[in-house]
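Chain by chain, the residues:
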Amino acid sequence: KLGLCTSTLHLAVKLVDLFMDGHDIQDPQLYLVCLGSLLLAAKIEEKDGNVPRCSQLNIYVKNFFPLSDFFSLELVMLNYFHWNICLPTQCYFTSLLIPHSILPTDHHNSGPILSFPKAQAYFQEYVQYFLKVSLTDISFLDTLPSLLAASIIAAARRAFGLSPQWPDNLELLSGYREEQVGHLTTMLMFHHRLSVNNDEGYNSFSASPTSPTVGRGGGHCQWGKDRQF
């Protein structure tokens, strides 16, 4: 609704997690911390014109908080982080790897990629799906962002049917070998298989990569492996 980018959401979640590690905050102040983290993250990741106002954020809690509470919390959080909130996230590292994550020389479902731009678009939807998964499973909470990002790329390649699953260029760029990302990739793929099993049997073979069919519980990319690009 606010039109914020994915990197803003990931940074906001990281700020909430780290801030809550050092504080015991209950309702309704917990809502204020979440909104305050989103505000701080937006100031880092968004263009100035897209940073939400405190009054906009307050609408989501029915104007429960005085606007001065937002300003006070902002200072408290900045002091807690020693004014260093440019924190690395899996979204940031993924954005560095994505341009090199699918190549025209890759094979898709054991065959050549026939339409590379279209394959790129579909592949990126799988990456976005696994990025969402990484935010919802607490098992990934203490994982190094760079390792989690590499595992997200590996999971996206596997789910999309690309081979080799972990090419040499990604090992070189990420600094992680295939066996190092294997465990996390398996965990991510578990969520993917679970969402497939929970699906009602519908499989969209004509879905657009820019508007995928999404199921409940975070969504599932319901195309790609059965199509030849």
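In this text, all values refer to a predicted model and were calculated from it rather than measured experimentally.

Engineer: Help me understand the sheet that holds strand β1 (residues 107-108) in this model?
Structural biologist: Each strand in a sheet pairs with its neighbour through backbone hydrogen bonds, running either in the same direction (parallel) or in the opposite one (antiparallel). Strand order in the open sheet formed by 3 strands is β2-β1-β3, with antiparallel pairing between adjacent strands. Here the strands that pair on one side only, and so sit at the sheet edges, are β2 (111-112) and β3 (162-163). As defined by bridge partners, β1 adjoins β3 across 2 bridges and the pair is classed as antiparallel. Bridging across to β3, H108 finds its partner in L162.

Engineer: Would you explain the environment of H100 in this entry?
Structural biologist: With respect to the element layout, H100 can be found in the loop between α5 (90-97) and β1. Taking the C-alpha atoms as reference, H100 lies 8.6 Å from L173; in sequence the two are 73 residues apart. Sequence-distant contacts of H100, defined by excluding residues within four places in its chain, comprise N169, L170 and L173.

Engineer: Hey, could you run me through the packing of aromatic side chains in this one?
Structural biologist: Ring pairs (aromatic) are described by centroid distance and by the angle formed between their planes. For the structure on display, the rule yields 8 aromatic pairs. Ring centres of Y129 and F130 lie 5.1 Å apart, and the angle between their planes is 70°; on these two criteria the pair is classed as edge-to-face. Here Y129 falls in the buried class, since its relative accessible area comes to 6%.

Engineer: How should I be thinking about the nonpolar core in this particular structure?
Structural biologist: Across soluble globular proteins, you tend to see nonpolar side chains buried next to one another. Core analysis: the largest hydrophobic core is formed by 34 residues, its most contacted members being F123, V127, F130, I153 and F160. Of all the elements in the fold, those that place two or more residues in this core are α5, α6 (116-136), α7 (145-160) and α9 (178-198). In contact with F123, not counting residues within four places along its chain, are S101, I102, I153, A156, R157, F160 and L162. Formed by 25 residues, the second largest nonpolar core is a distinct cluster that contains L32, L38, V61 and I85.

Engineer: I'm lost on the packing of helix α2 (residues 29-45) against helix α4 (residues 67-80) in this one. Help?
Structural biologist: When two helices pack together, their arrangement is given by the angle between the helix axes and the distance between those axes. Interaxial distance between α2 and α4 falls to 10 Å at its minimum, and their mutual angle equals 70°. Our classification of the angle between α2 and α4 gives roughly perpendicular. Facing L32, V33, L35, G36, S37, L39, L40 and K43 of α2, the residues of α4 in contact are D69, F70, L73, E74, M77 and L78. Residue classes in the contact of α2 with α4 are distributed as 9 nonpolar, 2 polar and 3 charged.

Engineer: I would appreciate a short explanation of the side chain of D137 in the present structure.
Structural biologist: Tracing the backbone through its elements, the reader meets D137 in the loop between α6 and α7. No salt bridge is formed by the buried D137; the nearest opposite charge belongs to R193, separated by 11 Å. Here H191 takes part through its side chain, which lies 2.7 Å from a polar atom of the side chain of D137.

Cut-off values and rules
- Residues numbered from 1 in each chain as written.
- Predicted model: local features only at pLDDT ≥ 70, side-chain atom pairs only at ≥ 80, totals over all residues.
- Heavy atoms only, no water.
- Pairing = 2+ DSSP bridges.
- Helix = DSSP H or I, 4+ residues; strand = E, 2+ residues; numbered from the N terminus.
- Contact = heavy atoms within 4.5 Å.
- Phe/Tyr/Trp six-rings, centres within 6.5 Å; stacked < 30°, edge-to-face > 60°.
- Buried < 20%, exposed > 50% of the residue type's maximum accessible area, 1.4 Å probe, protein only.
- Core = buried A, V, L, I, M, F, W, Y, C linked by side-chain atoms within 4.5 Å.
- Axes fitted to C-alpha atoms, helices over the stretch in contact; angles between N-to-C directions.
- Parallel < 35°, antiparallel > 145°, perpendicular 65-115°, else oblique.
- Nonpolar A, V, L, I, M, F, W, Y, C, P; charged D, E, K, R; others polar.
- Lys, Arg positive; Asp, Glu negative; His and termini not counted.
- Salt bridge = Lys/Arg side-chain N within 4 Å of Asp/Glu carboxyl O.
- Polar contact = N/O pair within 3.5 Å; in protein donor to acceptor, adjacent residues only side chain to side chain.

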